[in-house]
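Below, each chain spelled out in residue letters.
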Amino acid sequence: MPHLEDVLARIDAHLEQERAALLDLSHRIHAHPEIRFEEVQAAAWLTEALEARGFAVERGVGELPTAFRARLEGRGPGPTVAVLCEYDALPGLGHACGHNVIATMGAGAGFALAPLMEDFDGTLLVLGTPAEEGGGGKVLLLEAGVFDGVDAAIMIHPYKSSHPSMGTLASTKWDVAFRGVPAHAAMAPHLGRNALDAVRLAFAGIDALRQQTRDDVRIHAVITDGGAAANIIPETASMNAVARARDARHLFDDLVPRLEDVFKGAALMTGTELTITPSSAPYLEIVNNPPLEAAFTRHATRRGRSVAPYDVADGTGSTDMGNVSQVVPGLHGMLDIDDAAMPHTAAFEVAAGSARGDATVLDGASVLAGIAAELFLDAGLLAEAKAAFAKATGLAR
Ligand SMILES: [Zn+2]
Ligand SMILES: [Zn+2]
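Residues numbered from 1 in each chain as written. Chains lettered and ligands numbered in written order. Predicted model: local features only at pLDDT ≥ 70, side-chain atom pairs only at ≥ 80, totals over all residues.

### Looking at the pairing of strand S12 (residues 330-336)
Stated formally: Think of it as a crowd count around each C-beta: if 20 or more other C-beta atoms lie within 10 Å the residue is buried, if 12 or fewer it is exposed, and in between it is partly exposed, with C-beta placed from the backbone throughout. A run of DSSP states H or I qualifies as a helix once it reaches four residues; a run of E qualifies as a strand once it reaches two. Both are numbered from the N-terminal end. Two strands pair if DSSP finds at least two bridges between them.
For S12, the buried fraction is high: 7 of the 7 residues fall into the buried class. A two-sided burial pattern is seen for S12, the buried positions comprising Gly 330, His 332, Met 334 and Asp 336 on one face and Leu 331, Gly 333 and Leu 335 on the other. Pairing between strand S5 (residues 152-159) and S12: 7 bridges, direction parallel. Directly across from Tyr 159, in S12, lies its bridge partner Asp 336.

What follows is the structure, given as structure tokens:
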């Protein structure tokens, strides 16, 4: 078996050779933002690049046209390590979540490890997971069995600071539609049943509910249909609403039924008909994996990054990586691309294509490749990761 130090030196040397190709890939994806499930170009560029480096690529896995699985076998049987790529952008904001950086960190780990796999026992997967922003791509891939046989799944998200994990919230979202009766707003208002009033009352109900919720609860909504004209009592009106809490149990046992009552109450008050349709699979909270997180810290520190524990007071979000971490030992590390900008802002979009973003692509690729190499070389690390997973979930993997 090769020594880890030699392997890490080779990883970083390969990344230097691949620097131009990798950053070109990151910049191309950044300049051509594609929203959830429409990441045709990003998936094509990533799979082409992985194929050119010897990976066997399956496109459209899990019946998602923009998902992919790139596989490289080692010299013999061993663990299966999956490095995850995200590459969807945000509607109207481009790559303001920096998923071009995630994609190229993951692909870069594949580039760096490709020439080394002949010395390892095991299988390296680079998985292309579309639609993190509200589509639940990883949830669909989990359901389709794409994560079957995976021993560890690792990824890194860019952020304004570097952390071995992310504070997460479980989340769920729905399209909430009300159907009333249209009427002339001046000539015959008494014949109408106003669907927009139902939406307004639902918002008011949510605001009243907020005071009686836990500190970790988040509820937000937008109006997606608010009627056509002021002189017509709106027959239809609808909203998209998101609810989040620190854990899925509280979310689904406590918060969701109370929110459903708010929507039902709004329909009852206005004499409208209510339809609630989930608009994405629920996202679950991340199961932390301390051994994988310690490995992240070792490798990020090796690349000169200063890593601190994640402070949930700083803000928490949701990711479909949470669902993966519930069934596979998982890592969702964070590496800085800015000192201040938060994801989903214009400033973060700029950072994702900046020189500092580029440095993070290379560092992140090295960190992911380093962790994967450790998992191939050190059976102890994988055993520890599996033990931590079993302790947290009660599941064996
Ligand atoms: Zn995001
Ligand atoms: Zn993101």
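The rest of the description comes next.
### Side note on helix H2 (residues 40-52)
Quick note on the threshold: A helix is expected to span 1.5 Å for every residue after the first. Our contact criterion uses C-beta atoms placed from the backbone: two residues qualify when those atoms are within 7 Å.
For H2, built from 13 residues, the straight-helix expectation of 18 Å at 1.5 Å per residue is met to within 8% by its first-to-last C-alpha distance of 18 Å. Buried within H2 are the following residues: Ala 42, Ala 43, Trp 45, Leu 46, Thr 47, Ala 49 and Leu 50. Of the surrounding secondary structure, the elements contacted by the buried residues of H2 are helix H1 (4-31), strand S1 (56-59), strand S2 (68-73), strand S3 (76-85), helix H3 (99-113) and strand S4 (121-128). Positive phi appears at Gly 54, one or two residues downstream of H2, with a value of about 100 degrees.

### Some details on the sheet that holds strand S6 (residues 170-179)
For clarity, the threshold we go by: What counts as an axis is a line fitted to C-alpha atoms, over the stretch in contact for a helix, and the angles between N-to-C directions run from 0 to 180 degrees.
Read across the open sheet, the 4 strands follow the order S8-S10-S6-S11; overall the sheet is antiparallel. Across the chains shown, the open sheet's two edge strands, defined by having one partner strand only, are strand S8 (218-225) and strand S11 (273-278). The average undirected angle you get between the axes of adjacent strands in this sheet is 20 degrees. Note that S6 and S11 share 6 bridges and pair antiparallel. Within S11, the position partnered with Trp 174 by the bridge is Pro 278. Across the face of the sheet, helix H5 (residues 195-210) comes into contact with S6, S8 and strand S10 (236-245) while running at roughly 20 degrees to S10. Across the sheet, helix H6 (residues 248-270) is in contact with S6, S10 and S11; its angle to S10 comes to roughly 160 degrees.

### Comments concerning the nonpolar core
Operational definition: We call a set of buried Ala, Val, Leu, Ile, Met, Phe, Trp, Tyr and Cys residues a nonpolar core when their C-beta atoms link them within 7 Å.
Counting residues in each nonpolar core, the largest one holds 91 residues, and the members touching the most others are Leu 46, Leu 113, Ile 154, Ala 365, Leu 368 and Ala 372. The element that contributes the greatest number of residues to this core is helix H10 (residues 355-377), accounting for 12 residues. Beyond its immediate chain neighbours, meaning those up to four positions away, Leu 113 contacts Leu 124, Ala 369, Ala 372 and Ala 373. If you look at the next biggest cluster of nonpolar residues, it comprises 28 residues, including Leu 169, Val 199, Ala 245 and Phe 263.

### Quick look at the domain arrangement of the protein chain
Heads up, the condition is: Where each domain begins and ends is defined by an automated method or by a domain database.
The domain boundaries assigned to the protein chain delineate domain 1 (4-168 + 286-393) and domain 2 (170-278). Measuring from the centre of the C-alpha atoms in domain 1 to the corresponding centre in domain 2 gives 37 Å.

### A word on the packing of H3 against H10
Axis angle and axis distance: for two packed helices, these are the angle between their axes and the distance between the axes, and together they describe the pair. This is how the line gets drawn: Angle categories: roughly parallel below 35 degrees, roughly antiparallel above 145, roughly perpendicular from 65 to 115, and oblique for all the rest. It is the rotation of the near helix from the far one that decides the hand of a crossing: anticlockwise by less than a right angle makes it left-handed, clockwise makes it right-handed. Residues were grouped as follows: Ala, Val, Leu, Ile, Met, Phe, Trp, Tyr, Cys and Pro as nonpolar; Asp, Glu, Lys and Arg as charged; and all remaining residues, including Gly, as polar.
Viewed as axis vectors pointing N to C, H3 and H10 meet at an angle of 50 degrees, and their least axial separation amounts to 7 Å. Comparing their axes, H10 and H3 come out oblique. For H3 against H10, the interelement crossing comes out right-handed. Counted together, Val 101, Thr 104, Met 105, Gly 106, Gly 108, Ala 109, Ala 112 and Leu 113 of H3 and Gly 357, Thr 360, Val 361, Leu 362, Gly 364, Ala 365, Ser 366, Leu 368, Ala 369, Ala 372 and Ala 373 of H10 form the full contact between these two elements. Here the contact of H3 with H10 is built from residues that sort into 12 nonpolar, 7 polar and no charged.

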